Protein chains: 2
Amino acid sequence: MTQPSAAMLVIGDEILSGRTQDKNINTLAQFLHDRGIALAEVRVIGDTHDGIVAAVKALSAAYNLVFTSGGIGPTHDDITTVAVASAFSVNVIRHPEADRLLVEHYEGTGLDYNDARQKMADIPEGAELIYNPVSAAPGYRIGNVHVMAGVPKIFEAMLAEMEAMLPKGSDKHRVSIQTEIGEGTLASGLGIIQNRYTGLSIGSYPWFKPGQYGTAVVVASLNQDDVDKAALEVLDLITSLGGTGTREQTVSGGNTV
Amino acid sequence: MTQPSAAMLVIGDEILSGRTQDKNINTLAQFLHDRGIALAEVRVIGDTHDGIVAAVKALSAAYNLVFTSGGIGPTHDDITTVAVASAFSVNVIRHPEADRLLVEHYEGTGLDYNDARQKMADIPEGAELIYNPVSAAPGYRIGNVHVMAGVPKIFEAMLAEMEAMLPKGSDKHRVSIQTEIGEGTLASGLGIIQNRYTGLSIGSYPWFKPGQYGTAVVVASLNQDDVDKAALEVLDLITSLGGTGTREQTVSGGNTV
């Protein structure tokens, strides 16, 4: 019944300037949730050496697992690897297996495996590769830090590749309930229900459309019985307020350790 | 020619669990970029008192401006206001103007302005209101921290309402160039161009579609002449590599101080 803790570090000026809408936070959040790993913090920072070093050190010390996205491509603004190596006080080396994968990838493409592309075979010493089935240039794990590409399709593919490298947390159970009752009408009742339990969270998320509004209530806990009992209490609360509640789905994440 | 620095704090378990895809980071990033304010860091954390207090203190000390989203609704899991007040060592008070706005908002709706909804008129002492034209419950500014709702439409509306409260940074100029040349082929040339300038950044963003790939190159600086000159050099580089480059647009942000 343990949940490993995790943090994410998104590295990229393009997110902070608004040019690019990040997609990787949600991808990782769902991936970890489904495996019973609790994503506790995300930071988004720019492509600066000192900023990356400081954030990697802070997050690596504070959480069981860290995942980064961005900055491992071939160009001058891809500085994640040098910074991560620096955070772990190791050298960057040309990794023979990464080199081999990239040579193979560029063979027959008409693209030159030039200095810039060879840079993508440079990995902090002692790191273990994370395979990239999309464009070959690998990510890697060093200590508890998993370094991945920023391009969403590659980020997703790398997550799938490294699934076997991750610990598995306990089942997290979750029930969503939809109702047309406003959040403010539900509020005090939800607070009373939550206070009856330990380690159970009840989130409420109001929504608005033209002429309509309502609330999604999410009950979550590691204890399935508690979730089921509290969900029934939420449905009763909704009925007592003259509304209707619809239980949307049960999402169970992770595998029991 | 100054750029105020900014950080964002996204508060919400629903983002970290993957249930909700955040939209406010990109909205704020574009809003600040257009006003010449540099978004330097974003953190996403859960709805916990100590976590919010620590993050508000850290970001408020490190940056000129801080913007938060989430946790100011009526329910038990909306704990942002108490935590922000605690970070500034002030009390939470029932704000008369916020109270008046909410009374007015609920009049004639058939919804009771109950204890839970009245909580939305509770604001840290000394804070200045940020109006909410969507659902009345205001955000507020205390010190350099701007506290806003998490619902994307309300977050956006509050940004518009508070525009006049913000300092204006210098113009940031930006040119995007699209090319079918791969990032790895451009890499060394882009590095050489960037090194000729001070305070100019060249970002390169590879993209892939079935059977196609290419690179978007973004040249940005506070100095418009530098951006124009460097953009021409990037276009020349692309031509010299046998490709075609298309200048997409010039985005200028902010108003000169």
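These remarks concern the structure in this document.

Conventions and cut-offs
Residues numbered from 1 in each chain as written. Chains lettered and ligands numbered in written order. Predicted model: local features only at pLDDT ≥ 70, side-chain atom pairs only at ≥ 80, totals over all residues. Heavy atoms only, no water. Contact = heavy atoms within 4.5 Å. Buried area = accessible area lost by both parts, 1.4 Å probe. Salt bridge = Lys/Arg side-chain N within 4 Å of Asp/Glu carboxyl O. Polar contact = N/O pair within 3.5 Å; in protein donor to acceptor, adjacent residues only side chain to side chain. Helix = DSSP H or I, 4+ residues; strand = E, 2+ residues; numbered from the N terminus. Pairing = 2+ DSSP bridges. Buried < 20%, exposed > 50% of the residue type's maximum accessible area, 1.4 Å probe, protein only. Arc of directions from axis to C-beta. Axes fitted to C-alpha atoms, helices over the stretch in contact; angles between N-to-C directions. Least-squares fit on C-alpha atoms with pLDDT ≥ 70 in both. Core = buried A, V, L, I, M, F, W, Y, C linked by side-chain atoms within 4.5 Å. Parallel < 35°, antiparallel > 145°, perpendicular 65-115°, else oblique. Left-handed = near helix turned anticlockwise from the far one by under 90°. Nonpolar A, V, L, I, M, F, W, Y, C, P; charged D, E, K, R; others polar.

1. As for the interface of chain A and chain B
Link 1 in the chain: Opposite the 54 residues of chain A that make contact, chain B presents 54 residues.
Link 2 in the chain: Together chain A and chain B conceal approximately 4,200 Å² of surface at their shared face, both sides included; 54% is due to carbon and sulfur atoms.
Link 3 in the chain: When the area that chain A buries against chain B is broken down by residue, the three leading residues are Leu16, Arg19 and His76 of chain A, summing to 15%.
Link 4 in the chain: For the pair chain A and chain B, the interface holds 0 salt bridges.
Link 5 in the chain: Inspection of the region where chain A meets chain B yields 26 residue pairs in polar contact (both at pLDDT 80 or more).
Link 6 in the chain: Those elements that place two or more of their residues in the side of chain A that touches chain B are helix H1 (13-16), helix H2 (24-34), strand S2 (38-45), helix H6 (115-118), strand S9 (172-179), helix H8 (183-195), strand S10 (201-209) and strand S11 (212-221) of chain A.
Link 7 in the chain: With 8 residues, the top contributor of residues to the side of chain A that touches chain B is H8 of chain A.
Link 8 in the chain: Where S2 of chain A and strand S2 (residues 38-45) of chain B come together, 5 bridges link them in antiparallel fashion. For Val44 of chain A, the partnering residue across the bridge sits in S2 of chain B and is Val42 of chain B.

2. Here we look at helix H5 (residues 96-106) of chain B
Residue and element names in this part refer to chain B.
Link 1 in the chain: Along H5, the residues classified as buried are Ala98, Leu101, Leu102 and Tyr106. On an axial view of H5, the arc spanned by its buried residues comes to 125°, and they lie on one face.
Link 2 in the chain: The elements touched by buried residues of H5 are helix H6 (115-118) and strand S6 (128-130).
Link 3 in the chain: Backbone geometry just after H5 places Gly108 at a positive phi near 80°.

3. Observations regarding the sheet that holds strand S3 (residues 65-69) of chain A
Link 1 in the chain: Taking strand neighbours across the sheet as the criterion, the 12 strands line up as S6(A)-S7(A)-S8(A)-S3(A)-S1(A)-S2(A)-S2(B)-S1(B)-S3(B)-S8(B)-S7(B)-S6(B) in an open arrangement whose pairing is mixed. The sheet terminates laterally at strand S6 (128-130) of chain A together with S6 of chain B, the two strands that pair on one side only. Taking the axes of each pair of neighbouring strands and ignoring which way they run, one obtains an average angle of 20° across the sheet.
Link 2 in the chain: The sheet contact formed by S6 of chain B and strand S7 (residues 139-142) of chain B spans 3 bridges and is antiparallel. Paired with Leu129 of chain B across the two strands is Tyr140 of chain B, which belongs to S7 of chain B.
Link 3 in the chain: Packing of helix H7 (residues 152-162) of chain B onto the sheet brings it into contact with strand S1 (5-11), strand S3 (65-69), S6, S7 and strand S8 (145-148) of chain B, and relative to S8 of chain B it is tilted by some 140°.

4. Concerning the relation of the copies chain A and chain B
Both copies of the chain are tied together by a single rotation about an axis and a shift running along it.
Link 1 in the chain: When chain A is fitted to chain B, the best match, at an RMSD of 0.1 Å, comes from turning it 180° and sliding it 0.0 Å along the axis. On this basis, the relationship between the two copies can be described by a two-fold rotation axis. Within chain A, Arg43 of chain A has its C-alpha nearest the rotation axis, a separation of 2.2 Å.
Link 2 in the chain: When the interface residues of chain A are mapped onto chain B, 100% of them again fall at the interface, so both copies present the same face.

5. Some points on the nonpolar core
Link 1 in the chain: Membership of the largest hydrophobic core comes to 114 residues, with the highest contact counts inside it found for Phe67 of chain A together with Leu28, Leu39 and Phe67 of chain B.
Link 2 in the chain: Apart from the residues lying within four places of it in its own chain, the contact partners of Leu28 of chain B are Met8, Leu39, Phe67, Phe155 and Leu159 of chain B.

6. Brief notes about the packing of helix H2 (residues 24-34) of chain B against H7 of chain B
Residues and elements named next belong to chain B.
Link 1 in the chain: Viewed as axis vectors pointing N to C, H2 and H7 meet at an angle of 15°, and their least axial separation amounts to 10 Å. Taken together, H2 and H7 sit at an angle that is classed as roughly parallel. Judged by the twist between their axes, the crossing of H2 over H7 is right-handed. Contacts between H2 and H7 involve Asn24, Thr27, Leu28 and Phe31 from the first element and Pro152, Phe155, Glu156 and Leu159 from the second.
Link 2 in the chain: Its residues assigned to classes, the contact of H2 with H7 shows 5 nonpolar, 2 polar and 1 charged.

7. Side note on the pattern of salt bridges
Residues and elements named next belong to chain B.
Link 1 in the chain: Summed over the entire model, instances satisfying the criterion amount to 16 salt bridges over all chains.
Link 2 in the chain: One salt bridge connects Arg100 with Glu104, and the closest N-O pair in it is separated by 2.9 Å. Of the two residues, Arg100 and Glu104 are both situated in helix H5; the distance of 4 residues between them amounts to about one turn of the helix.
Link 3 in the chain: On the accessibility criterion, Glu104 (48% relative accessible area) is partly exposed.
Link 4 in the chain: Between Arg196 and Glu233 there is a salt bridge, and its shortest N-O distance comes to 2.7 Å.

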